[in-house]
Amino acid sequence: MTFDYNSTRNKLILAEYGRNVQNMVAYICTLPTKEERNRHAQVVIDLMGFLNPHLRDVADFKHKLWDHLHIISDFKIDVDCPYPVPTSDVLHVKPEALPYPQHRIRYKHYGKTVEVLIKQAKTIEDPQRKQLMVQSIANFMKMAYVTWNKDSVTDETIISDLKELSNGELILEDNVNLNKVDISRPAPSSMRPKNIQKGGIQNNKNRQNSNNRNNSNRPKNTGKRY
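Enquirer: So what exactly am I meant to see when it comes to the overall build of the chain here?
Expert: Across its full length, the chain holds 7 helices and 0 strands. Taking the contacts inside the chain whose residues are at least 6 apart along the sequence as the reference set, 49% of them involve residues at least 24 apart. A total accessible area of about 17800 Å² is found for the chain, and carbon and sulfur atoms account for 51% of it.

Enquirer: I tried to follow the nonpolar core on my own but got confused; where do I start?
Expert: If you look at soluble globular proteins, the nonpolar side chains tend to sit buried side by side. Tyr-110, Met-141, Ile-158 and Leu-162 are the most contacted members of the largest nonpolar core, which totals 19 residues. Of all elements in the fold, only helix H4 (111-121), helix H5 (127-149) and helix H6 (155-165) reach the threshold of two or more residues within this core. The dominant element in this core, judged by the number of residues it contributes, is H5, at 7 residues. Leaving out residues up to four positions away in the same chain, Ile-158 has contacts with Tyr-110, Ala-138, Met-141, Lys-142, Tyr-145, Val-153 and Leu-178.

Enquirer: For this particular structure, what's the right way to read the layout of surface pockets?
Expert: Think of a ball as big as a water molecule: rolled over the atoms, this probe shows where empty space is left. Counted as a void, the largest pocket has a volume near 230 Å³. Surrounding the largest pocket, 13 residues form its lining, Asn-10, Ile-13, Gln-22, Ala-26 and Ile-72 being those nearest its centre. Top element by residues in the lining of the largest pocket is helix H1 (residues 18-29). It accounts for 6 residues. Across the lining of the largest pocket, the residue classes tally to 5 nonpolar, 4 polar and 4 charged.

Enquirer: Just checking my understanding: could you explain the pattern of salt bridges for this structure?
Expert: Between side chains of opposite charge, pairing is possible as soon as their charged atoms come close. Inspection of every chain in the model, using the stated rule, returns 6 salt bridges. In this structure, Asp-46 and Lys-62 form a salt bridge, with 3.5 Å as the shortest nitrogen-oxygen distance. Highlighted residues: Asp-46 in helix H2 (residues 34-51) and Lys-62 in helix H3 (residues 61-72), separated in sequence by 16 residues. On the basis of relative accessibility, which here comes to 42%, the residue Asp-46 falls in the partly exposed class.

Enquirer: Explain the side chain of Arg-19 to me, please; I cannot follow it from the model alone.
Expert: For Arg-19, the position within the fold is in helix H1. Setting aside its immediate chain neighbours within four residues, Arg-19 contacts Asn-6, Arg-9, Asn-10 and Leu-12.

Enquirer: Quick question: what am I supposed to make of the packing of aromatic side chains here?
Expert: In this description, an aromatic ring pair is defined by two values, namely the gap between the centres and the angle between the planes. Taken as a whole, this structure holds 2 aromatic pairs when the rule is applied. Where Tyr-107 meets Tyr-110, the ring centres are 5.8 Å apart and the plane angle is 75 degrees; that geometry is what we call edge-to-face. Across the pair, Tyr-110 and Tyr-107 agree in class, each one buried. Ring-pair connections join several aromatic residues into one group, and the members of that group are Tyr-107, Tyr-110 and Tyr-145.

Enquirer: Would you mind showing me how to read the packing of H2 against H3 here?
Expert: Helix-helix packing is described using two parameters, namely the angle between the two axes and the distance between the axes. Their axes nearest at 10 Å, the elements H2 and H3 cross at an angle of 115 degrees. Judged by the angle between their axes, H2 and H3 are roughly perpendicular. In the packing of H2 onto H3, the handedness of the crossing is right-handed. Residues Ala-41, Gln-42, Val-44, Ile-45, Asp-46, Met-48 and Gly-49 of H2 pack against Lys-62, Leu-65, Trp-66, His-68, Leu-69 and Ile-72 of H3.

Enquirer: Explanation requested: the packing of H4 against H5 in the structure shown.
Expert: Interhelical geometry of H4 versus H5 gives an angle of 170 degrees and a closest axis separation of 10 Å. Relative to H5, H4 is oriented roughly antiparallel. Of the residues in H5, those in contact with Val-114, Leu-117, Ile-118 and Ala-121 of H4 are Lys-130, Met-133, Ile-137, Phe-140 and Met-141. Tallied by class, residues from the contact of H4 with H5 come to 8 nonpolar, no polar and 1 charged.

Enquirer: How should H4 be read in this particular structure?
Expert: Residues that lie three or four places apart on an α-helix share one face, since the helix turns once every 3.6 residues. Taken residue by residue, H4 has Gly-111, Val-114, Glu-115, Ile-118 and Ala-121 as its buried positions. Projected down its long axis, H4 shows its buried positions confined to an angular sector of 125 degrees, all on one face. For H4, the secondary structure elements touched by its buried residues are H5 and H6.

Rules behind the numbers
Starting from 1, residues in each chain are numbered consecutively following that chain's sequence as written. At least 70 in pLDDT is required for a residue's local features to be given in this predicted model, at least 80 for side-chain atom pairs to be given and counted, and no such filter applies to totals for whole chains, interfaces and linings, which use all residues. The side-chain numbers reported here are obtained from all heavy atoms of the structure, hydrogens and water having been left aside. Counting from the N terminus, the helices are DSSP H or I runs at least four residues long and the strands are E runs at least two residues long. Throughout, a residue-residue contact means that at least one pair of heavy atoms, one from each residue, lies within 4.5 Å. Accessible surface area values rest on a Shrake-Rupley calculation with a 1.4 Å probe, where residue burial reflects the displayed protein chains alone. Here, nonpolar core refers to any group of buried Ala, Val, Leu, Ile, Met, Phe, Trp, Tyr and Cys residues whose side-chain atoms link them within 4.5 Å. Residue exposure (1.4 Å probe, protein chains only): buried if accessible area is under 20% of the type maximum, exposed if over 50%, otherwise partly exposed. A cavity here means a set of points on a 1 Å grid, drawn over the protein atoms and nothing else, where a 1.4 Å probe fits but cannot get out; a pocket is an open set with protein on both sides within 12 Å along at least five of seven lines, and a residue lines either one if it has an atom within 4 Å of a point. Grid points are joined across faces, edges and corners, and a volume is the space filled by probe spheres set on the points. Residue polarity follows a fixed list, in which Ala, Val, Leu, Ile, Met, Phe, Trp, Tyr, Cys and Pro are nonpolar, Asp, Glu, Lys and Arg are charged, and the others, Gly among them, are polar. Take a side-chain nitrogen of Lys or Arg and a carboxyl oxygen of Asp or Glu: if they are within 4 Å of each other, that pair is a salt bridge. For this analysis, a ring pair means two rings from Phe, Tyr or Trp (six-membered ring only for Trp) whose centres lie within 6.5 Å, classed as stacked if their planes differ by under 30 degrees, edge-to-face if by over 60, and tilted for the remaining angles. As a rule, the C-alpha atoms of each element are fitted with a line to give its axis, helices using only the stretch in contact, and angles between N-to-C directions run from 0 to 180 degrees. Here roughly perpendicular refers to angles of 65 to 115 degrees, roughly parallel to angles under 35, roughly antiparallel to angles over 145, and oblique to all remaining angles. Working rule for handedness: look at the near helix, and if it is turned counterclockwise from the far one by less than a right angle, call the crossing left-handed; if clockwise, right-handed. Here the arc refers to the set of directions running from the helix axis out to each C-beta atom.

This is the structure:
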């Protein structure tokens, strides 16, 4: 007796369509006339669309189904396709390499965004608008500094770093106070309400259960006198 296992069968080219569709496509390739192949191919295309209804949300999903038909047949099927016939090269196209940034960030705790903002602020010609932009950048730098350092930072440090990053072109006006940045920290246990301290809720429940048991053991007052 010979058993038919999946490990002994041909590999599924597109598993989402199943083995029956792949067998149908292989059968179409064996038909002698193109008229028969075209008729059977159209039936298989309709079946493929029924098995994968999510493709209907894709733009030009019919084109995608015909491409999949040729891929399943290993590009051997000879039918009249309403779209350009794909070749095996489309399966081995390598994506273009992404251009990773090679620019070194001078102060990593400020990030690349600050350098981009400084570069953009240099191009502003209106003095008043430029000064507002510089102050916004300084506030952002202070927030970024405190986020990473967790300690207070003086405005003089931010102004000095801003001047250095801009090569002395961006300088804040005198008597400008940057926004105060606070890092929220959990309140100490002594400042928490008693009910949410460690074991507070459980202790309250235990006391309540104990009182209920004591009340249930007391004799009930029936109102009768002896």
